[in-house]
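# Observations on the three-dimensional arrangement
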Amino acid sequence: MRAGARDGVWCPERRADAARRDARAGTRASTVTRRTRHLRALGLVVLSLCAATGSAAGAGGQAVADPVPLPQPKPVETVANNDAPPQAASTCAVQLAEAGAVFRSLPVPDPGPLGCRIDDPVQLERIGDTRLSPAATLSCTTALKLVRFVRKPLREEVRATMNTEIAMLHVAASYDCRGRNRQAGAKLSEHGYGRAIDVRGLTLADGGDWAVSPRDPKDTSPAARFQRRVRALACGPFTTVLGPGSDAYHDDHFHFDLAPRNAAYCR
Ligand SMILES: [Zn+2]
């Protein structure tokens, strides 16, 4: 086993022993410095593993190395994003992770000729046990609003009316740099700011499906009642709610957005 390794885990005190031996052997101090930096990057998880195995080794009579200074805890870095280079996580990203979201932070996209803009963009893949299909690109604030909506009122409604859980959220659109209703020359859509998501239905944990569709206001079927409830529940958490009956563009999905408004606009 290499110096410093204990049961396959790199341990600071063993590395310190190795460093002292290196120094006695005339090894250059810069080697030790590089190793020390590397050790700090290993973080507290390694330290706690070493503390656990180290105390067991000491009890067994093995020589215990002199204490070495503990590295300082590192600040929170990226959340749920193992591919991107380390960067400070926003407060929103921390809250998103705490709310049970699986997501990755994205680079800010090119604004393009329409001047689209998305603040703190994330690709939202899961909300707890609910998968988004496909994953949605949203501003972090919008993602957080969606996560809280799905995890609380929507989930409770699904449990109360259908006695099951939400396995999948079917996403019709999320960030999309375009005009409203895809009309040329129209005002920039909230989708162009990453503040909107279109949902066309759910797959339930019991294997059932529910799809947004035009329904008679007098329809008392569970699917129709659930659709009316979803619309009502989303109005407030989101500042705009459009769906079947709003206009011809929204017959097969709900549009939820966070456009800045004085009062919610729900049709
Ligand atoms: Zn939309």
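Report on the accompanying structure.

Reading the values: the criteria
- Residues numbered from 1 in each chain as written.
- Predicted model: local features only at pLDDT ≥ 70, side-chain atom pairs only at ≥ 80, totals over all residues.
- Helix = DSSP H or I, 4+ residues; strand = E, 2+ residues; numbered from the N terminus.
- Buried ≥ 20, exposed ≤ 12 C-beta atoms within 10 Å, placed from the backbone.
- Contact = placed C-beta atoms within 7 Å.
- Axes fitted to C-alpha atoms, helices over the stretch in contact; angles between N-to-C directions.
- Parallel < 35°, antiparallel > 145°, perpendicular 65-115°, else oblique.
- Left-handed = near helix turned anticlockwise from the far one by under 90°.
- Nonpolar A, V, L, I, M, F, W, Y, C, P; charged D, E, K, R; others polar.
- Core = buried A, V, L, I, M, F, W, Y, C linked by C-beta atoms within 7 Å.
- Expected span 1.5 Å × (residues − 1).
- Arc of directions from axis to C-beta.

The subject of this paragraph is the overall build of the chain. When its secondary structure is counted, the chain shows 5 helices and 11 strands. Within the chain, the proportion of its 267 residues that are buried is 28%. Considering only contacts within the chain whose residues lie at least 6 apart along the sequence, 55% involve residues at least 24 apart.

Note that the residue after S133, namely P134, is joined by a cis bond; omega there is -10 degrees. Examined against the element boundaries, P134 turns out to sit in strand β5 (residues 130-139). If you check the backbone angles, N181 has positive phi at about 55 degrees while not being a glycine. Position of N181 relative to the elements: it lies in the loop between β6 (166-173) and β7 (196-204). With a phi close to 60 degrees, R182 is a non-glycine residue in the positive phi region. Its location among the elements puts R182 in the loop between β6 and β7.

Further remarks concern the packing of helix α3 (residues 91-98) against helix α4 (residues 140-162). Between α3 and α4, whose axes approach to 9 Å, the crossing angle comes to 20 degrees. As summarised for this structure, α3 and α4 are arranged roughly parallel, according to the angle between their axes. Handedness of the α3/α4 crossing: left-handed. Judged by residue contacts, C92, A93, Q95 and L96 of α3 engage C140, T141, A143, L144 and V147 from α4. For the contact of α3 with α4, the per-class residue count stands at 7 nonpolar, 2 polar and no charged.

The subject of this paragraph is the packing of α4 against helix α5 (residues 222-234). Close contact between α4 and α5 brings their axes to 11 Å; oriented N to C, the two are set at 155 degrees. It follows from the interaxial angle that α4 and α5 lie roughly antiparallel. Classified by chirality, the crossing of α5 by α4 is right-handed. For the pair formed by α4 and α5, the contact residues are F149, P153, L154, E157, T161 and M162 on the first element and P222, F226, R229, V230, L233 and A234 on the second.

Grouped together as the largest cluster of nonpolar side chains are 40 residues, with contacts concentrated most on L96 and A143. In terms of residue count, α4 provides more of this core than any other element does, 9 residues in total. Beyond its immediate sequence surroundings of up to four residues, L96 is in contact with A101, F103, V122, C140, A143, L144 and V147.

All right, on to the environment of T141 then. Counting through the fold element by element, T141 comes out in helix α4. Residues T141 and Q95, spaced 46 residues apart in sequence, show a C-alpha to C-alpha distance of 9.7 Å. Those residues within four positions of T141 in sequence are excluded, and the remaining contacts are C92 and L258.

Let us look at α5. End to end, α5 covers 18 Å across 13 residues, agreeing with the expected 18 Å (1.5 Å per residue, within 8%). Every buried residue belonging to α5 is among Q227, V230, R231 and A234, and all of these are buried. Taken down its axis, α5 places every buried residue within 95 degrees of arc, on the same side. For α5, the elements touching its buried residues are α4, β9 (240-242), β10 (254-257) and β11 (265-266). Just downstream of α5, G236 is the residue with a positive phi angle, here 130 degrees.

What follows covers the environment of D176. Structurally, D176 can be placed in the loop between β6 and β7. Residue D176 is classed as partly exposed on the basis of its C-beta count, with 15 C-beta atoms lying within 10 Å. What D176 contacts, discounting residues up to four positions off in sequence, is S189, H191 and G192.

Position of R261 among the secondary structure elements: in the loop between β10 and β11. As a C-alpha pair, R261 and T239 span 22 residues in sequence and 6.7 Å in three-dimensional space.

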